[in-house]
Amino acid sequence: TAFKPTPKSALPPGQVTLDEAKTAFDSGAMFVDSRKLEDYKAGHVESAIRLESSMFKTGDPPELGLIPRSAIVVVYCNGGQCDESENVAKLRGL
């Protein structure tokens, strides 16, 4: 089956469409990949920083310091039933 993006009207608050993510990328937003390391290594958004919720178990991971507080941040995972991006965003208020 072909990929069909979820329409904006069907997304929960705080989630963005692919078009909105692309616009954010083109505007210089920071991207955080919250997927497992093997998924990140297989391919990720250019310049994305990898942070998954397990990395916060002992405090803030050093990678968090790479994200300026003033930056627009898009956190993503595998979509669908994956809630890892929401978990990471909540851990640090991104």
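Definitions and cut-offs
- For every chain, the first residue of the written sequence is number 1, and numbering continues from 1 along that sequence.
- Residues qualify for local features only when their pLDDT is at least 70, as the model is predicted, and side-chain atom pairs are given and counted only at 80 or more; totals for whole chains, interfaces and linings, by contrast, use all residues.
- Computation of side-chain values: all heavy atoms of the structure, hydrogens and water removed.
- We count a stretch as a helix when DSSP gives it H or I for four or more residues in a row; a strand needs E for two or more, and each element gets its number in order from the N terminus.
- Just to be clear on terms, a salt bridge is a Lys or Arg side-chain nitrogen sitting within 4 Å of an Asp or Glu carboxyl oxygen.
- Per-residue accessibility, obtained with a 1.4 Å probe over protein chains only, is compared with the maximum for each type, and a residue is labelled buried under 20%, exposed over 50%, and partly exposed between these values.

Asks: Could you give an account of unusual backbone geometry, with specific residues and numbers?
Replies: In this structure, Ser47 is a non-glycine residue whose phi angle is positive, near 70°. With respect to the helices, strands and loops of the structure, Ser47 is situated in the loop between helix 2 (37-42) and strand 2 (49-50).

Asks: Can you tell me about the pattern of salt bridges, naming the residues and giving the values?
Replies: Pairing between side chains of opposite charge can happen when their charged atoms approach one another. Enumeration according to the criterion identifies five salt bridges in this entry. One salt bridge connects Lys8 with Glu20, and the closest N-O pair in it is separated by 3.1 Å. Taken as a pair, Lys8 in the segment before helix 1 (18-26) and Glu20 in helix 1 lie far apart in primary sequence, 12 residues in all. Residue class for Glu20 comes out partly exposed when judged on its relative accessible area of 33%. Salt bridges here are not isolated pairs; linked through shared partners, they connect Lys36, Arg50 and Glu52.

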